[in-house]
Amino acid sequence: MTIGVGGLSPEQALATLQPMMAGAQDIQPAEYQGRIAKVQGLLREQGLAGLLLHGGSNLRYFTGLRWRASERFVGALLPAEGPLQYIAPAFERGTVEELLLLPGPLHTWEEHESPYALIRSLVPGPVLLALDESAPYFVVDGLQHAGLVLRNGHDLTAACRMHKSPAELALMQRAFDMSLAVHRATASMLHPGIRSDAVEAFIDQAHRRVGAAGNSFVIVLFGVASSFPHGVKEPQVLKDGDMVLIDTGCYVHGYSSDITRSYVFGTPDAETSRLWHLEKAAQLAAFDAARLGQACEAADAAARRVLEAGGLGPDYALPGLPHRTGHGIGLDIHERPYLVRGERTPLAAGMCFSNEPMIVVPGRYGIRLEDHFYMTEKGPRWFTPPAHSVDDPFGLQA
């Protein structure tokens, strides 16, 4: 039997977990001010009047204002020169004012009025305005009809967000530590006959036990279902010999974790053991290829070379790796840049990535070992230690 898998009841497994949020400090106002100063410098360099932020993660990143996008525009105009300016429906004024972390005038619009005309009035002259890339098309259309000339602001937001500060890294490290503890507890309570949706519910409980507000997401797959990277329609029932794939994460002050573990419930056969260790070798190759100044695509290429040498692929052919090796992570679980062919962004300190060169064997199973690393001035560093071995994935007897 795989070490660390099974043997405890759900109650016993939960009892192994302790609260882990103590001392986790949210991003402070001075850091938000620094982010604004950086993007304002970029705006001036590029001759842009400002950056219009829409409700969501970019608004939170630059201002600290937490507001989900909806059909009513709530956001902020970050001008190349001058103070931050907020825009919101008039009836939301009290709520928005209570949530503001940074000072700035709040401009409001009534229900029968156009927020886009209001925004146009805040941007003098025929100028070029960068727009938050997450804004839906109806916002783009409204702004254009109001007379604004727009440019995609993705390069501006990514240039800031892809380089994580020490405070951001600390929050992400806490989130990863919490989710790895949840993974260990989850493995320990598996038993024949348990449904995948019951495991999902346990993982949510376990994340709450360590101090998160539940799962940010969860995928639990058994057997053949594990060959579908993001899951299947129906719950599965665990049986002896099944591959188990669990992918989950949580938020700590908005910053995400994302860890996948794959292991066999029972005893793996020789070919499964070979492919599991091939997956681990591909993950390590991607990590070793992540060197300062190298293009992000180098990590993807390194992982694929290992898999092809092991008889898989080539490229995206199955059995093999059907997707990119990794994604950036931060306030969003998937952020720029990516570890994928064609991504020539140079690796630099502060960048954070998933490392998950998944092996898919159609009709049998999938094996995904996903850990994340961040770039330091000395090279890559793991947030979490990779899985140890196929028969002891959590290194309990290492």
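Right above here is the structure, for reference.
Read on for a plain summary of the structure. (Residues numbered from 1 in each chain as written. Predicted model: local features only at pLDDT ≥ 70, side-chain atom pairs only at ≥ 80, totals over all residues. Heavy atoms only, no water.)

1. Examining the side chain of S273
Note that S273 resides in helix α10 (residues 270-289). With sequence-adjacent residues up to four places away left out, S273 is seen in contact with P268 and V390. (Helix = DSSP H or I, 4+ residues; strand = E, 2+ residues; numbered from the N terminus. Contact = heavy atoms within 4.5 Å.)

2. Notes on the sheet that holds strand β8 (residues 243-249)
Ordered by their spatial adjacency, three strands build an open sheet running β7-β8-β11, and the pairing between neighbours is antiparallel. In the strand order of this sheet, the two ends are held by β7 (217-222) and β11 (259-264), each with one partner. Averaged over all neighbouring strand pairs, the angle between strand axes comes to 5°, with direction disregarded. The pairing of β7 with β8 spans six bridges and is antiparallel. Each bridged residue has a counterpart across the sheet, and for F222 the counterpart in β8 is V244. Here helix α8 (residues 166-188) sits on the sheet in contact with β8 and β11, set at roughly 20° to β11. (Pairing = 2+ DSSP bridges. Axes fitted to C-alpha atoms, helices over the stretch in contact; angles between N-to-C directions.)

3. Some points on the packing of helix α2 (residues 29-45) against helix α7 (residues 154-161)
The N-to-C vectors of α2 and α7 enclose an angle of 140°; their axes lie 10 Å apart at closest approach. Here α2 and α7 pass one another in a crossing that is right-handed. When α2 is examined against α7, the residues K38, V39, L42 and L43 are found in contact with a partner set consisting of L156, A159 and C160. Along the lines of polarity and charge, the residues of the contact of α2 with α7 split into six nonpolar, no polar and one charged. (Left-handed = near helix turned anticlockwise from the far one by under 90°. Nonpolar A, V, L, I, M, F, W, Y, C, P; charged D, E, K, R; others polar.)

4. Quick word on the packing of aromatic side chains
Applying the stated rule across the entire model yields eight aromatic pairs. For the ring pair F176 and F383, a centre distance of 4.8 Å and an interplane angle of 15° mean the geometry is stacked. One end of the pair, F176, is in helix α8; the other, F383, is in the segment after β18 (379-382), with 207 residues separating them in the sequence. The two residues F176 and F383 agree in class, both being buried. When the ring of F287 is compared with that of W382, the centres are 4.3 Å apart and the planes differ by 5°; the resulting orientation is stacked. Separated by 95 residues along the polypeptide, F287 in helix α10 and W382 in strand β18 bring together distant segments of the chain. In terms of burial, F287 and W382 fall into one category: buried. Through a chain of ring-to-ring contacts, the aromatic side chains of F287, F353, F373 and W382 assemble into a single cluster. Between the NZ or CZ atom of R35 and the centre of the ring of Y61, over which it lies, the distance is 4.0 Å. (Phe/Tyr/Trp six-rings, centres within 6.5 Å; stacked < 30°, edge-to-face > 60°. Buried < 20%, exposed > 50% of the residue type's maximum accessible area, 1.4 Å probe, protein only. Lys NZ or Arg CZ within 6 Å of the ring centre and 35° of its normal.)

5. Let's talk about the sheet that holds strand β6 (residues 149-152)
Strand order in the open sheet made by the six strands is β4-β3-β2-β1-β5-β6, with mixed pairing throughout. The sheet terminates laterally at β4 (106-109) and β6, the two strands that pair on one side only. The average angle at which neighbouring strand axes cross in this sheet is 25°, direction not considered. Pairing between strand β3 (residues 85-89) and β4: four bridges, direction parallel. Paired with P89 across the strands is W109, a residue of β4. Of the strands in this sheet, β1 (50-54), β2 (75-79), β3 and β4 touch helix α5 (residues 115-122), which is tilted by about 145° from β4.

6. Side note on the nonpolar core
Side chains of nonpolar character tend, in soluble globular proteins, to be buried together. Core analysis: the biggest nonpolar cluster contains 69 residues, and L51, F62, L78, L190, V199, V244 and Y263 have the highest contact counts within it. For this core, the element with the most residues is α8, which contributes 11 residues. Those residues within four positions of V244 in sequence are excluded, and the remaining contacts are L190, L221, F222, L238, R261, S262, Y263 and F265. Counting 37 residues, the second largest nonpolar core, distinct from the first, contains A303, L321, I367 and W382. (Core = buried A, V, L, I, M, F, W, Y, C linked by side-chain atoms within 4.5 Å.)

7. A closer look at the environment of T248
Following the sequence through the fold, T248 ends up in strand β8. For the pair T248 and I219, spaced 29 residues apart in the sequence, the C-alpha separation amounts to 6.3 Å. For T248, the residues in contact, after removing those within four places along its chain, are S179, H183, I203, H207, N215, F217, V218, S257, D258 and I259. A polar contact of 2.8 Å, which involves the side chain of T248, links it to the backbone oxygen of F217. (Polar contact = N/O pair within 3.5 Å; in protein donor to acceptor, adjacent residues only side chain to side chain.)

8. Here we look at a nonpolar patch on the surface
A cluster of nonpolar side chains, contributed by V224, F228 and V232, occupies part of the molecular surface with about 240 Å² of accessible area. For V224, the location among the structural elements is in the loop between β7 and β8. (Patch = residues over 30% accessible without salt bridge, like charges linked within 9 Å, V, L, I, M, F, W, Y side chains within 5 Å. Areas by Shrake-Rupley, 256 points an atom, 1.4 Å probe, with all protein chains shown as cover. Salt bridge = Lys/Arg side-chain N within 4 Å of Asp/Glu carboxyl O.)

9. What about unusual backbone geometry?
Working note: non-glycine residues mostly have negative phi, and peptide bonds are mostly trans. G313 connects to P314 through a cis peptide bond whose omega is 5°. For P314, the location among the structural elements is in the loop between α11 (297-309) and β12 (326-328). Here the phi dihedral of H253 falls at roughly 50°; this positive angle occurs in a residue that is not glycine. H253 sits in the partly exposed class, given a relative accessible area of 26%.

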